[in-house]
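Coordinate analysis (summary)
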Amino acid sequence: MFYGLMKRSSSTLDRWLISKKKGDQATDGSPLESVPKGNESDEVTEQSMVEALGRLDGRDIRWQQKEASNLSLSYTMLLRKREADFVFASLENSIQYYSGELAQIMVHGKWCPIPRKQVAYGDPGLSYHFSGIAIPAKPWTPLLKGLCDAVSCIASTKFNFVLINRYKDGSDRVGEHKDDEIDLDPAAPIASVSLGQPRDFVFRHQDARGRHKAGSSLHEPVTLMLEHGSLLLMNPPTNLFWYHSLPPRKRAVQPRINLTFRKLVTKPSQ
Ligand SMILES: O=C(O)CCC(=O)C(=O)O
Ligand SMILES: [Fe+2]
């Protein structure tokens, strides 16, 4: 199966390439093998899940690669279904999202409630500044640390922070933005793990927006369906040139959790 990543496919640049390992020579187009199934009767526990996460890098990861003008995306199915189900349920049971001032953002000079829930975890003292707020990191839980270490290993990047967004249904969303904050290491990818309701994720080049519409014919938008258990790497310099959004979708009725692992470079506040 090709995971239905692309809405359009007209030029070679627009075609997803598949490689066995990130950085390997990509091969074009052959269908992905399905991920091997474990013994379905084995019960997944928090401890077995953290152990499984420790072995994730050893799995045969098949990347689908999308390259366009200053855009580089790597996509793979990271977790088997029952693992993704377990992580989703565990996060649903344990995560307390921020409220009050930490659940607002500054839009055009006005404070607005965010149309989703959010929280952050990470190394001690880290905060992430965006849209007028500073989101402090709560201390890692064993599961989130296990996921962070696994994704760090797979992406060859030592992530130290995760921003978690929860979308209760298709009316929750993220407006167009770039993840180009000063806190972020510009040389590091952002690693996005999705759980729950599959949702469209849309990239638009900065020269194809608003009064720059002239660039539209040069830079077609790129839409991916982010599946339950998937990992998307937004590689540099994507976030310097391309905006991304999670638009509302009436037909999406189930909740979704997204974890974006990030490498923050600003000094922890004491
Ligand atoms: O929910 C997502 O897939 C992405 C969220 C996002 O873009 C962000 O947190 O910066
Ligand atoms: Fe983002």
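Just so it is clear, the structure is predicted and the values come from calculations on it, not from any experiment. Position numbers for residues start from 1 in each chain and track the written sequence from start to end. Written order decides the labels, with chains lettered from A and ligands numbered from 1. Local features in this predicted model are restricted to residues of pLDDT 70 or higher, and side-chain atom pairs are both shown and tallied only at a pLDDT of 80 or more, whereas totals for entire chains, interfaces and linings draw on every residue. Side-chain calculation: all heavy atoms of the structure are included, whereas hydrogens and water are not.

**Quick look at the site of ligand 1**
- Every residue close to ligand 1 is listed here: Leu163, Asn165, Tyr167, His177, Asp179, Phe201, Leu226, His244, Arg256, Asn258, Thr260 and Arg262.
- His177 has a polar side-chain atom sitting 3.0 Å from an oxygen atom of ligand 1.
- Whenever a nitrogen or oxygen atom comes within 3.5 Å of another N or O atom, the pair is scored as a polar contact, on the condition that within protein one atom can donate a hydrogen and the other can accept it, and that pairs from neighbouring residues in sequence are kept only if both atoms are in side chains. In the model, an oxygen atom of ligand 1 is placed 3.1 Å from a nitrogen or oxygen of the His244 side chain.
- To be clear on the numbers: accessible area is Shrake-Rupley with a 1.4 Å probe, and residue cover counts the displayed protein chains and nothing else. Protein burial of ligand 1: of its 290 Å² of free accessible surface, 96% is covered by the chains.
- The way it works is that DSSP assigns letters per residue, a run of H or I at least four long becomes a helix, a run of E at least two long becomes a strand, and they are numbered from the N terminus. Of all the secondary structure elements, the ones that give two or more residues to the shell around ligand 1 are β11 (161–167) and β18 (256–262).
- Sort the elements by how many residues they give to the shell around ligand 1 and β18 lands first, with four residues.
- Note on residue classes: Ala, Val, Leu, Ile, Met, Phe, Trp, Tyr, Cys and Pro are nonpolar, Asp, Glu, Lys and Arg are charged, and everything else, Gly too, is polar. When grouped by side-chain class, the residues that make up the shell around ligand 1 number four nonpolar, five polar and three charged. Distances are taken per atom, and a residue is near a molecule or strand as soon as one of its heavy atoms is within 4 Å of it.

**Quick word on the confidence of the model for the protein**
- pLDDT is defined as a per-residue confidence score from the predictor, taking values between 0 and 100. Summarising the model, the protein shows a mean pLDDT of 85, and 81% of its residues fall at 70 or more.
- Note on definitions: a residue-residue contact is assigned when non-hydrogen atoms from the two residues lie within 4.5 Å. Below pLDDT 50 for its whole length, residues 1–15 participates in 33 contacts with residues either more than four positions away or in separate chains.
- In this model, residues 20–38 is a region of pLDDT below 50 whose contacts with residues beyond four sequence positions or in other chains number 38 contacts.

**A short note on the coordination of the iron ion (ligand 2)**
- Only N, O and S atoms count as donors, using a 2.8 Å cut-off from the metal and 3.2 Å for Na, K and Ca, and because water is excluded some sites may appear unfinished. Coordination of the iron ion (ligand 2) by the protein involves His177 (NE2), Asp179 (OD), Asp179 (OD) and His244 (NE2), with metal-donor separations of 2.1 to 2.6 Å.
- Angular criteria define each label, namely tetrahedral for four donors with all angles between 85 and 135 degrees, square planar for four and octahedral for six donors with opposite donors over 155 degrees apart and remaining angles between 65 and 115, and irregular for whatever fails these tests. Coordination at the iron ion (ligand 2) is irregular, judged from the six donor atoms that bind it and the angles of 51 to 169° they form at the metal.
- Binding-site remark: the iron ion (ligand 2) is held by donors from one chain whose sequence spacing is H-x1-D-x64-H.
- Only protein chains enter the accessibility calculation, which uses a 1.4 Å probe. A residue is then buried if its area is under 20% of the maximum for its type, exposed if over 50%, and partly exposed in between. By relative accessible area, which is 8% here, Asp179 ends up buried.

**Concerning helix α1 (residues 46–54)**
- Listing the buried residues of α1 in full gives Met49, Ala52 and Leu53. Looking down the long axis of α1, one finds its buried residues gathered within 100° of arc, a one-sided arrangement. Exposed side chains of α1 directed beyond 90 degrees from the buried face belong to Gln47 and Gly54. To obtain the arc, one takes the directions from the helix axis to the C-beta atoms.

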